[in-house]
Amino acid sequence: MCLKNTDAGPARASNTRGRTAAPAPCPSKGWIVARVPNEAGEVERARALIKQGIRLSEQDRPVEALRAEEEAVAIYRRLAASDPGRFRADLAKTLYNLGVTLSGLDRSAEALRAEEESVAVYRELAASDPGRHRADLGDSLANLGVSLNELDRPAEAVRAQEEAVAIHRELAADDPHRYRLTLAESLARLGVTLSALERPAEALNVEREAVGLYRQLAAIDPERHRPDLAEALINLGVTFSEIGEPSGALSIEREAVGIRRELAAADPDQYRPELAASLDNLGSTLSVLGHDGDALDVQQEAVTLYRLLVADDPDHHRAGLAKSLTRLAATLSELDRPADALEAEQQAVTIFRDLAGADPDPDLADALFNLGFRFSELDRPAEALEAEQQAVTIYRKLAADGSEPHRRDLARCLVHLGASLSELDRDTEALEAEQQALAVYRDLAAADPESYRHDLAICLASVSMTHSALGRHADAVHAQQEAVTVYRLLVAADPDHHRADLAKSLTHLAIRFAELDRWADALEAEQQAVTIYRDLATADPGDHDHDLANSLLNVGVWFAELDRPADALEAEQQAVGVYRDLAAADPDRYDPDLARSLTHLGVTLSALDRHAEALEAEQQAVTIRRELAAADPDRHRPGLAESLKNLSVTLSELGYEKQARRTHEEAERLSED
C-alpha cells in the first residue's frame, strides 16, 4: 500500500491492487481429454507468456510485460471461444493481470476495460462454482474499484468495493487465516473511497474494522503487518479529523508515529518517508486542537526528516519538504512568531517554484497565497500584494478549466488581494478584485449554497467596506444588506454556527447606515445584534461578552445621535459593566475598551446635566488612559487627549475653572505632540 497526500494536508492510504500468478493446469476429472496438438501448444505458450509477464513486471519492465500479457489474453480469448468450460477461468485471470499492468502504465481506461471483462467472466464462473471462483471475483472487483477511482469515478468504485468487501468478509468468516488480510486490504480501499465521496461516517466504521483486523495480523506476524497497521491507523486518524473529531485522531496518529518511528530506526531508507508523513499528520491534528507547542516540535521533526530525504533523493521528496514547511509556518504564526513563519513559507515558495517550472501549479499558488498572509502579519502590505498578485495569476490559469476547486481558490485569493490593496490605499483596484471574487462566489453559491454561502457573505462584507472607503455609502449599504440576508439564510439552516456571524454583520450594517446619517436604521440593526450577542453570552459566558459590550456601546452612540440620551445612558452603563468585568480578569486586553466606554458614558451623563456622575466616569477614563499612554505613547496619547478634553468641559460645568484650564492645556500639549 502506498501513501497519497490529501488536499487538506494529512496523508491517507490510496487504493492498491494485486496480481494473480500463472494459472495452474486444469485438474483431471478421471478421464482423458483429447487435445489437438495446436491447442496444447497454445496453452503452453499462454502459460509461458503469463509467467514472463509477471517476471518482467517484477524487474520493472512493464512495457515488455504488457506485450506478453496482451498476447496471452489473445490466445486465451481464442481458446475460450472454442471451449469456454475449460478456458474462461484462464481468460479471466489473464485479463486481471493485464489490468494491473495497464494501470501501472497510467493507462487507466484500458485497464478498466480489461477488469470489467474479468469481473464479468468471474461473475458467471462464481455463479456456477462459488467455492472455486468467488475469491477470484472478490479480487477482481477490488481491482476494478481501483481503476474506477483512478478515472475519478468514485461512486462506481464504491459499489465494486462494497461487493468485494462482502465477498471477502464471507471468505474470512470461513477461513480467517487465509482471507483476513484480503478483507483488511479490501476494507482499507473502501474507506479511502467513502472518504473521497464525503461519506466520512461510513468510512470511519470501515476503517475501524480494518484497523482491528490489522491489529490481529500484526500480533501474529509483527514484521509483516505492523507497516499495514500504521497505514490503517493513519487513514482512521484522517477520517476522525474529517468528521470534526481531532481529539479522536490524536491517539491514533500518535500510535502510527510510534510504529513508524520503530520501523524507520530499523530501515531508514524504506520507512523515513512514511514517518515524515505521519509526523505531518500528527502536527496538523495537534495544531487544530490548539496544542501549538507540541505541534511545533512534531512539525520541526518532520521538516528535519524531509531535509534528510531531500539530501538523499531530491527528485522524490522536495514537494514533501515544501508542504511540511508550509504547515510549520502556520504553527509558527499561531505561536506569534511571524518572522519565523515568513522564513519557512519563503523556503516553501522557493521549492514549489523550482518544481513548477513554467506550468501553473496549485501548490505554488497556495504557497504564494500563504506568503502574502505572512507578509500581512508583519505589516508589509506591499510585499503581501506582490505575492498575492502572483498567486492570482496562477489561480486564473488554473480556473480557466472551470473546475470548482480552482475557481474557489481564485475567489479566495482575490478577496485577500483586495484587502492588501486597501491597506495601500488603492481602494479602486481593491474593489475591482473583490467584485471579481464576488462574481465567482455568486456562481458557486448558486450551485452549492451549503458550501459557499458563508464565503459569499464574507466577500459581500469586504465589498461593502471598500465601497465605504471610496465614499460610495449607498452601494456599501446595499452590499452589507445582502450579506445580512445571506447570514440569515445560514442561521436558518445552522443556528449554532452562524448567529455570531449574523450579529457581526448587523453591526457592520449599522455602521454603513450611520455613514448616511440613517440613525434610526443603524439603531434597529444594532439592537438586533445586541439581542443575538446577549443570547450567545448567556449560553456561553465569556465567549461573547466583548462583542456584547461593543454592540451595546454602539447602541448608545446611535441613541445619542437620535437625541435620546436617557436610552443611550442605559446601553452605555450596561457596556461599562461588562467591560469592568472583562478588564478585571484581563486588564492588558480590556482596559482600552473600558476607558473608551467610560468616555462615552461621561459624555452622555453630561448631556443629561448629571455632571458629577460624568466627572467620576471621565476621571476613571483619564486614569486608565494615563497608564496606557505611559506604556505605549504612540497608541494611547490621542485617547488620553480626548478624555482630558471631555474632563476639562465637565470640570468647567461644575465651576472648577482652574482645574478645567490645566486639564485643557494638558490635552492641547498631547495633541500637539
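Residues numbered from 1 in each chain as written. Predicted model: local features only at pLDDT ≥ 70, side-chain atom pairs only at ≥ 80, totals over all residues. Heavy atoms only, no water.

Colleague: Even after reading the chapter, I still don't get the overall build of the protein chain, so can you show me in this structure?
Modeller: For the protein chain, the count of helices and strands is 28 helices and two strands. For the protein chain, whose C-alpha radius of gyration is 34 Å, the value lies well above the compact-globule estimate of 26 Å for 673 residues. Counting all 673 residues of the protein chain, 49% fall into the buried class. Of all intrachain contacts in the protein chain linking residues separated by at least 6 positions in sequence, the fraction that spans at least 24 positions is 59%. Surface summary for the protein chain: the accessible area is close to 31800 Å², and the carbon and sulfur share equals 48%. Here the protein chain contributes 74 positively and 122 negatively charged side chains, and the mean placements of these two sets differ by 7 Å. (Helix = DSSP H or I, 4+ residues; strand = E, 2+ residues; numbered from the N terminus. Rg over C-alpha atoms; globule rule 2.2 N^0.38 Å. Buried < 20%, exposed > 50% of the residue type's maximum accessible area, 1.4 Å probe, protein only. Contact = heavy atoms within 4.5 Å. Areas by Shrake-Rupley, 256 points an atom, 1.4 Å probe, with all protein chains shown as cover. Lys, Arg positive; Asp, Glu negative; His and termini not counted. Charge placed at Lys NZ, Arg CZ, Asp CG, Glu CD.)

Colleague: Mind showing me how you'd approach helix α13 (residues 314–334) here?
Modeller: Side chains three or four residues apart in an α-helix point the same way, a direct result of the helix having 3.6 residues per turn. Here α13 spans 30 Å end to end across 21 residues, near enough to the 30 Å set by a 1.5 Å rise per residue. Asp336, located one to two residues past α13, shows a positive phi value of around 60°. (Expected span 1.5 Å × (residues − 1).)

Colleague: So what exactly am I meant to see when it comes to the state of the cysteines here?
Modeller: Two cysteines form a disulfide when their sulfur atoms are joined by a covalent bond. Under the defined criterion, the tally for this structure stands at zero disulfides. Cysteine Cys459 shares no disulfide, and the gap to the nearest cysteine sulfur, in Cys413, comes to 13 Å. Judged by its relative accessible area of 1%, Cys459 falls in the buried class. (Disulfide = S-S within 2.5 Å.)

Colleague: What exactly am I supposed to notice about unusual backbone geometry here?
Modeller: Negative phi values dominate among residues other than glycine, just as trans dominates among peptide bonds. The backbone phi angle of Asp152 is positive, close to 60°, even though this residue is not glycine. Judged by its relative accessible area of 64%, Asp152 falls in the exposed class. For Asp609, which is not glycine, the phi torsion reads 60° and is therefore positive. Among the structural elements, Asp609 can be located in the loop between α25 (587–607) and α26 (611–631). Note on Asp609: relative accessible area 61%, which makes it exposed.

Colleague: Teacher, can you tell me more about the packing of aromatic side chains here?
Modeller: In this description, an aromatic ring pair is defined by two values, namely the gap between the centres and the angle between the planes. For the structure shown, the criterion picks out two aromatic pairs. Considering the side-chain rings of Tyr76 and Phe87, the 6.5 Å spacing of their centres and the 40° angle between planes classify their relative orientation as tilted. A residue pair is termed long-range when its members are at least 10 positions apart, and Tyr76 in helix α2 (residues 62–82) and Phe87 in helix α3 (residues 84–104) qualify at eleven residues. For Tyr76, a relative accessible area of 0% corresponds to the buried category. (Phe/Tyr/Trp six-rings, centres within 6.5 Å; stacked < 30°, edge-to-face > 60°.)

Colleague: Where do I start with the packing of helix α22 (residues 519–539) against helix α23 (residues 545–561) in this structure?
Modeller: When two helices pack together, their arrangement is given by the angle between the helix axes and the distance between those axes. Packing of α22 against α23 leaves a shortest axis separation of 9 Å and a crossing angle of 155°. Taken together, the axes of α22 and α23 are roughly antiparallel relative to one another. Crossing handedness for the pair α22 and α23: left-handed. Counted together, Trp519, Ala522, Leu523, Glu526, Gln527, Ala529, Val530, Tyr533, Arg534 and Ala537 of α22 and Asp545, Asp547, Leu548, Ser551, Leu552, Asn554, Val555, Trp558, Phe559 and Glu561 of α23 form the full contact between these two elements. (Axes fitted to C-alpha atoms, helices over the stretch in contact; angles between N-to-C directions. Parallel < 35°, antiparallel > 145°, perpendicular 65-115°, else oblique. Left-handed = near helix turned anticlockwise from the far one by under 90°.)

Colleague: Any chance you could explain the pattern of salt bridges here in plain terms?
Modeller: If the charged atoms of two oppositely charged side chains come close together, the side chains can form a pair. What the rule picks out here adds up to 40 salt bridges. For Glu231, the salt bridge is made with Arg260, and the minimal N-O distance between the two is 3.8 Å. With Glu231 in helix α9 (residues 222–242) and Arg260 in helix α10 (residues 246–266), this residue pair connects regions lying 29 residues apart in the sequence. Assigned by exposure class, Glu231 and Arg260 land together as buried. (Salt bridge = Lys/Arg side-chain N within 4 Å of Asp/Glu carboxyl O.)

Colleague: Would you explain the nonpolar core in this entry?
Modeller: When a protein is soluble and globular, its nonpolar side chains tend to lie buried together. Leu141, Tyr395 and Tyr441 are the most contacted members of the largest nonpolar core, which totals 155 residues. At ten residues, α22 tops the list of elements feeding residues into this core. Apart from residues no more than four positions distant in its own chain, Tyr395 is found in contact with Ala365, Asp366, Phe369, Asp409, Leu410, Arg412 and Cys413. By size, the runner-up hydrophobic cluster in this structure holds 20 residues, among which are Ile54, Val73, Ile75 and Ala111. (Core = buried A, V, L, I, M, F, W, Y, C linked by side-chain atoms within 4.5 Å.)

Colleague: Which parts of the structure should I look at to understand the environment of Glu383?
Modeller: As for its position among the elements, Glu383 is in helix α16 (residues 381–399). Judged by its relative accessible area of 30%, Glu383 falls in the partly exposed class.

Colleague: Looking at this structure, how should I read the packing of α10 against helix α11 (residues 268–288)?
Modeller: As a packed pair, α10 and α11 sit with axes 8 Å apart at the nearest point and diverge in direction by 160°. Comparing their axes, α11 and α10 come out roughly antiparallel. Note that α10 runs across α11; the crossing there is left-handed. The residues of α11 that touch α10, namely those facing Pro246, Ala249, Leu250, Glu253, Arg254, Val257, Arg260, Arg261, Leu263, Ala264, Ala265 and Ala266, are Pro268, Tyr271, Arg272, Glu274, Leu275, Ser278, Leu279, Asn281, Leu282, Thr285, Leu286 and Val288. Its residues placed into classes, the contact of α10 with α11 shows 15 nonpolar, three polar and six charged. (Nonpolar A, V, L, I, M, F, W, Y, C, P; charged D, E, K, R; others polar.)

Colleague: Just to check I follow, could you spell out the environment of Ala46 for this structure?
Modeller: Mapped onto the secondary structure, Ala46 falls in helix α1 (residues 37–58). In this structure, the C-alpha to C-alpha distance between Ala46 and Glu71, residues 25 residues apart in sequence, is 7.6 Å.

Colleague: Please clarify how helix α8 (residues 200–220) should be interpreted in this entry.
Modeller: Relative to the 30 Å expected for 21 residues at 1.5 Å per residue, α8 spans 30 Å between its end C-alpha atoms, a close match to the ideal helical length. Taken together, the buried positions of α8 are occupied by Pro200, Ala203, Leu204, Val206, Glu207, Ala210, Val211, Leu213, Tyr214, Leu217 and Ala218.

Colleague: Can you help me understand the environment of Arg260 in this one?
Modeller: Note on Arg260: relative accessible area 1%, which makes it buried. Put simply, Arg260 and Glu434 are 174 residues apart on the chain and 46 Å apart in space, counted from C-alpha to C-alpha.

Colleague: Would you mind showing me how to read the confidence of the model for the protein chain here?
Modeller: Detailed reading of the predicted model is not advised wherever pLDDT is low. Per-residue confidence for the protein chain gives a mean pLDDT of 92, with 94% of residues at or over 70. Across residues 19–37, where pLDDT falls below 50, the model places 28 contacts with residues more than four positions away in sequence or in other chains. (pLDDT = per-residue confidence, 0-100.)

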